[in-house]
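Inside the fold
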Amino acid sequence: MHDEKFISLVLKSSIFTGCAHPNKNAATFNFDLTNGNQITLSESFVEGSDYKSRLERMVSAWLEFDKRLNDSAVQAENSGWITEIKITDS
């Protein structure tokens with residue numbers, strides 16, 4: 001996203017460590033262009049709203065749906081599939 005007031009950036013990286021597939025990572029950054037400050041997660045939502053638990057439920061539902069689509073869901077469950085989401089301030 002980019003307009004006159006805000007810009008959102010995604011930094012994607014991939015490292016190959018010799019396994020079958022590379023390890024991928026993505027980090028996001030949001031900036032207020034009027035003052036140059038990075039926007040925190042809490043600043044993205046209405047003050048006092050219960051955004052953390054709502055985000056946790058949304059991400060958990062998406063992961064559950066994604067797991068059901070995965071042919072090897074049972075194998076994934078046994079190999080450290082994420083089962084609990086915790087949104088933090090950082």
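Since the structure is predicted, the reported quantities are computational estimates derived from the model, not experimental observations. Sequence order as written defines residue numbering, which begins from 1 separately in each chain. Totals for whole chains, interfaces and linings use all residues, but because this is a predicted model, local features are given only for residues with pLDDT of at least 70 and pairs of side-chain atoms are given and counted only at 80 or more. Only heavy atoms go into the side-chain values, all of them from the structure, while hydrogens and water stay out.

We now examine the overall build of the protein. When helices and strands are counted, the protein shows two helices and two strands. Element order for the protein, N to C, with α for helix and β for strand: β-β-α-α. Relative accessibility under 20% of the residue-type maximum defines a buried residue, over 50% an exposed one, and the middle range a partly exposed one, all with a 1.4 Å probe and only protein chains included. Burial status across the protein gives 12% buried among its 90 residues. Whether two residues touch is decided by their heavy atoms; if any such pair falls within 4.5 Å, the residues are in contact. In the protein, 32% of the contacts between residues at least 6 apart in sequence involve partners at least 24 apart. Surface accessibility in these figures is a Shrake-Rupley result with a 1.4 Å probe; residues are shielded only by whichever protein chains are displayed. Surface exposure of the protein reaches about 7,600 Å², of which carbon and sulfur atoms provide 55%. By definition, any uninterrupted DSSP run of H or I lasting at least four residues is a helix, any uninterrupted run of E lasting at least two residues is a strand, and each is numbered from the N terminus.

Turning to the packing of aromatic side chains, a few remarks are in order. Only rings of Phe, Tyr and Trp enter the pairing, Trp through its six-membered ring, and a pair is recorded when the two centres are within 6.5 Å. The plane angle decides the type: under 30 degrees is stacked, over 60 is edge-to-face, the rest tilted. The full count for this structure, using the stated rule, is one aromatic pair. Residues Phe45 and Tyr51 carry aromatic rings whose centres are separated by 4.7 Å and whose planes lie at 5° to one another, so their mutual orientation is stacked. When its relative accessible area of 10% is taken as the criterion, Tyr51 is described as buried.

By the element assignment, Ser53 lies in helix H1 (residues 51-69). Within polar-contact distance, the side chain of Ser53 engages the side chain of Asp50 at 2.4 Å. In protein, a polar contact requires one atom able to donate a hydrogen and another able to accept it; more generally it is a pair of N or O atoms within 3.5 Å, and residues adjacent in sequence count only if both atoms are side-chain atoms.

Moving on, we get to the confidence of the model for the protein. One rule of thumb: low pLDDT means the predicted coordinates there are not for detailed reading. Summary statistics for the protein give a mean pLDDT of 83 and a share of 81% for residues scoring 70 or more. Ranking the elements of the protein by mean pLDDT puts helix H2 (residues 73-78) last, at 54, and strand E1 (residues 6-15) first, at 94. Confidence of the predictor at the level of single residues is captured by pLDDT, which takes values from 0 to 100.

This brings us to the side chain of Glu56. Within the secondary structure, Glu56 is located in helix H1. Asp and Glu count as negative and Lys and Arg as positive, but His and the ends of the chain are not part of the count. A carboxyl oxygen of Asp or Glu within 4 Å of a side-chain nitrogen of Lys or Arg is what we treat as a salt bridge. No salt bridge is formed by the buried Glu56; the nearest opposite charge belongs to Lys86, separated by 4.0 Å.

By the secondary structure assignment, Pro22 is in the loop between E1 and strand E2 (23-32). Accessibility expressed as a relative area gives 35% for Pro22, which makes it partly exposed. Excluding residues within four positions of it along the chain, Pro22 makes contact with Ser14, Ile15 and Phe16.

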